[in-house]
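What follows is the residue order along each chain.
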Amino acid sequence: MQYNIFIDLIQISIIHSLILVTELDYIQDVEYLFQLASIELPSNAAIVSTKWLSDCIRAKALTTPEKQHFLCRKAPEKKLPEDSATSTDISSASAAAFPTEFLCQMRCPLEHHNASLAQALSVLARNSEHQYGITKDQQYYAKALAFDRAAACLKSLQQPLLSISQLTDSCPRYIGDHAIRIITELLNTGASAEVDAVTGSDLYQCMTNLTAVYGVGQALAYKWYSCGVKSVSDATHRLLRHHECGEGQQQKRDSELVALLPMGGGDHKRLQTGLAFHNDLVNKPVALAEASYFRDLIAKLLLELRGPGFTVTLVGGFSRGKSTGHDCDLLITHDVEGREAGAVSDLARVLTAAGMVIHGTFEANSFSPSVLSRDFRVKELRSTLDHFEKWLGVIRLSSKDTDSSTVDRDVESIMAKIDGNGCDRQGEGLPAAKRRALSPNYCAFDSFAEAVAMAGGEAGAAYASRGWLARRVDLIAVPRSQYAYALLGWTGNRLFNRDLRLFAQRQRRMKLTSHGLFDLQKVNNGCANQIYKKKDLKNRYIINENVSID
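Residues numbered from 1 in each chain as written. Predicted model: local features only at pLDDT ≥ 70, side-chain atom pairs only at ≥ 80, totals over all residues. Heavy atoms only, no water.

1. What to know about the overall build of the protein
Here is step 1: Summing up its helical and strand segments, the protein has 24 helices and 13 strands in all.
Here is step 2: Scored against the burial criterion, the 550 residues of the protein give a buried share of 47%.
Here is step 3: Taking all contacts inside the protein whose residues are at least 6 apart in sequence as the whole, residues at least 24 apart take part in 71%.
Here is step 4: Total accessible area computed for the protein in this model is approximately 25,800 Å², and 51% of it derives from carbon and sulfur atoms. (Helix = DSSP H or I, 4+ residues; strand = E, 2+ residues; numbered from the N terminus. Buried < 20%, exposed > 50% of the residue type's maximum accessible area, 1.4 Å probe, protein only. Contact = heavy atoms within 4.5 Å. Areas by Shrake-Rupley, 256 points an atom, 1.4 Å probe, with all protein chains shown as cover.)

In structure tokens:
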């Protein structure tokens with residue numbers, strides 16, 4: 001059935017009823033989706049939440065649904081004031097008029113009163129996320145999401161939590177029994193046996209360290225762990241040893257590891273970059289001054305390369321008020337729709353010719369109305385679900401690259417290098433020997449050993465002796481008509497985006513993506529041409545005051 005991504009039907013003979021299990025919140029939502037699918041909702045269907053299924057799994061038997069398992073009907077919505085969608089009034093009176101049913105309606109500041117409690121729940125969320133990556137068991141995905149939501153609720157409290165009732169009264173929908181148990185134990189004793197067991201677990205520590213490597217996901221990290229690779233230095237040392245030993249017993253002994261860490265292909269070059277420059281990319285966060293300098297550099301380069309009209313915006317954690325981050329994300333758009341196309345590949349070529357690129361990959365714009373009928377649920381924990389033209393890379397930023405006053409001089413130096421290569425400023429007309437050097441897909445090293453040497457050895461050279469740091473950057477080219485939605489999506493974070501998209505789907509019958517806001521029924525019918533304005537969500541707007549659901 002086309003809509004089985006929303007509704008799972010489980011036909012079980014329990015009291016001669018049809019049990020319908022759904023992640024939706026209200027009976028009207030289920031009825032609406034059946035109506036869209038032109039399917040009659042069985043009159044004898046018992047509509048229950050996924051909590052019933054979880055209880056069955058725990059009991060290892062199919063149980064009779066109880067009162068708390070059944071969905072109820074949603075109360076009629078109060079008509080909102082005409083200006084409610086754009087109002088910035090978040091006084092207590094305004095808040096009372098807008099009951100907080102979704103996390104995207106909560107204010108979760110970066111600095112809050114319950115840091116230790118939220119951190120404990122985040123540990124359990126990351127542990128469940130690791131387990132989900134290893135097993136793909138949806139139970140762990142649900143746990144990770146539940147702990148993240150509970151942590152967000154803690155951050156939304158305007159005072160330190162002294163009693164669990166403060167939390168259950170404020171956020172009854174998002175505080176499950178497991179989270180309540182952990183928080184209660186922390187309030188009563190100052191510690192949690194479960195949290196301590198997780199943080200002391202060898203698997204958790206190794207998975208946390210390995211998944212921090214640029215290019216390493218949950219599944220690959222677990223394969224490394226199963227092969228005895230428990231740290232970044234383990235993986236680096238064993239790979240280098242394999243290349244040095246050549247044919248023989250040592251190569252045979254490491255063959256299983258090498259099969260998991262192949263040395264060819266673009267994705268594996270990205271992984272090698274992550275290993276070789278791990279110290280820079282993970283242990284030395286990107287400062288706001290560095291990110292601001294790079295934004296100004298890109299804006300000036302675009303002016304030189306393609307003329308005026310471009311807007312370059314620093315997004316990600318920095319736009320949520322953070323002072324440091326793990327990378328620098330830049331949204332690029334142009335006042336004239338379509339003029340942004342090709343800007344990212346031009347920039348990649350120029351940065352490469354200037355000797356700034358260590359590794360980079362280019363992705364062409366793949367958006368079309370047909371993609372809206374796929375990936376309806378924001379399911380994967382790390383999913384971004386957009387189809388913009390983008391370049392994802394790792395570049396060198398020198399010690400002086402924190403002062404935006406030097407941008408004009410640095411751009412002149414870069415452009416001189418481009419002109420000196422005997423090509424125009426879009427990287428066209430290159431001699432064959434230099435064509436690879438100005439490709440938007442580029443890698444500055446041919447082998448892993450060469451990458452490690454470039455980084456200054458297995459431990460990485462001291463910043464002062466190298467004079468530069470490896471920095472992750474993402475350049476995203478966005479059509480002007482989609483810019484507002486891309487800005488929202490790339491500001492994040494993923495929990496906020498997931499909940500806002502659920503709000504759009506369940507409360508407004510719309511599909512929200514980083515490309516636009518679309519009528520859900522028209523998307524289902526393959527007619528996704530109309531883009532609505534953000535105000536059509538009718539969701540309260542809260543001014544960014546260091547707000548995050550991290």
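2. Concerning helix H4 (residues 115–135)
Here is step 1: Compared with an ideal rise of 1.5 Å per residue, which puts 21 residues at 30 Å, H4 spans 30 Å between its outermost C-alpha atoms and is within 8% of the ideal.
Here is step 2: The element H4 is extensively covered by neighbouring structure, given that 15 of its 21 residues are classed as buried.
Here is step 3: Lys136 lies just past H4 and shows a positive phi near 60 degrees. (Expected span 1.5 Å × (residues − 1).)

3. Quick look at the confidence of the model for the protein
Here is step 1: For the protein, the average pLDDT comes to 78, and 72% of its residues sit at 70 or higher.
Here is step 2: Per-element averaging of pLDDT across the protein places helix H3 (residues 92–97) at the bottom with 33 and helix H8 (residues 193–199) at the top with 97.
Here is step 3: Segment residues 422–437: pLDDT under 50, and 27 contacts once partners within four positions in sequence are set aside and those in other chains are kept. (pLDDT = per-residue confidence, 0-100.)

4. Here we look at the pairing of strand E9 (residues 389–398)
The two faces of the sheet receive side chains in turn, since in a regular strand these alternate between them.
Here is step 1: Counting buried residues along E9, seven of its 10 residues qualify, which places the element largely inside the surrounding structure.
Here is step 2: Alignment of strand E8 (residues 357–363) against E9, held across six bridges, turns out to be antiparallel. The residue of E9 that forms the bridge with Glu363 is Lys390.
Here is step 3: Of the pairings in the sheet, the one linking E9 to strand E11 (residues 468–477) comprises 10 bridges and is antiparallel in character. (Pairing = 2+ DSSP bridges.)

5. Regarding the sheet that holds strand E10 (residues 442–443)
Here is step 1: As summarised here, the arrangement of the six strands in space is E5-E7-E11-E9-E8-E10, forming an open sheet in which the pairing is mixed. In this open sheet, the two strands that pair with only one neighbour each are strand E5 (310–315) and E10.
Here is step 2: On top of the sheet, helix H16 (residues 288–306) reaches E5, strand E7 (328–334), E9 and E11; it is set at about 165 degrees to E5, its chief contact. (Axes fitted to C-alpha atoms, helices over the stretch in contact; angles between N-to-C directions.)

6. Comments concerning the packing of helix H9 (residues 202–211) against helix H10 (residues 218–226)
Here is step 1: It is at 9 Å that the axes of H9 and H10 come closest, and there the two elements cross at 125 degrees. Taken together, the axis directions place H9 and H10 in an arrangement best described as oblique. Note on packing geometry: the crossing formed by H9 with H10 is right-handed. Across the interface between the two elements, Asp202, Leu203, Cys206, Met207, Leu210 and Thr211 from H9 touch Gln218, Ala221, Tyr222, Trp224 and Tyr225 from H10.
Here is step 2: By residue class, the composition of the contact of H9 with H10 is eight nonpolar, two polar and one charged. (Parallel < 35°, antiparallel > 145°, perpendicular 65-115°, else oblique. Left-handed = near helix turned anticlockwise from the far one by under 90°. Nonpolar A, V, L, I, M, F, W, Y, C, P; charged D, E, K, R; others polar.)

7. Examining the pattern of salt bridges
Here is step 1: Summed over the entire model, instances satisfying the criterion amount to 17 salt bridges.
Here is step 2: Lys230 is the partner of Asp202 in a salt bridge, and the nearest nitrogen-oxygen pair spans 3.1 Å. Taken together, the residues Asp202 in helix H9 and Lys230 in the loop between H10 and helix H11 (232–245) connect sequence positions 28 residues apart.
Here is step 3: Judged by relative accessible area, Lys230 falls into the partly exposed class, the value being 36%.
Here is step 4: Residue Arg480 pairs with Asp335 through a salt bridge whose shortest N-O separation is 4.0 Å. (Salt bridge = Lys/Arg side-chain N within 4 Å of Asp/Glu carboxyl O.)

8. Topic: the UniProt feature "binding site: Mg(2+)" (unreviewed entry) in the protein
Here is step 1: Sites flagged by UniProt as "binding site: Mg(2+)" (unreviewed entry) map to Asp327, Asp329 and Asp474. Despite a sequence span of 148 residues, these residues sit close together in the fold, their greatest C-alpha distance being 7.7 Å.
Here is step 2: Looking at where Asp329 falls in the secondary structure, it is placed in strand E7.
Here is step 3: For Asp329, a relative accessible area of 8% puts it in the buried group.
Here is step 4: Following the sequence through the fold, Asp474 ends up in strand E11.
Here is step 5: Apart from residues lying up to four places away in sequence, Asp474 is in contact with Asp327, Cys328, Asp329, Leu330, Trp391, Leu392, Gly393 and Trp490. (UniProt positions renumbered as here; feature names shortened; annotations may be inferred.)

9. A short note on the nonpolar core
Here is step 1: Leu103, Leu121, Cys153, Leu154, Leu161 and Leu167 are the most contacted members of the largest nonpolar core, which totals 43 residues.
Here is step 2: At the level of secondary structure, the elements contributing two or more residues to this core comprise H4, helix H5 (138–156), helix H7 (177–189), H8, helix H23 (494–508) and strand E12 (510–513).
Here is step 3: Residues from two domains meet in this core; each of domain 2 (111–200) and domain 5 (492–539) gives at least three.
Here is step 4: Of all hydrophobic cores here, the second largest spans 38 residues; its members include Leu302, Phe318, Ala348 and Met356. (Core = buried A, V, L, I, M, F, W, Y, C linked by side-chain atoms within 4.5 Å. Domains from an automatic or database assignment.)

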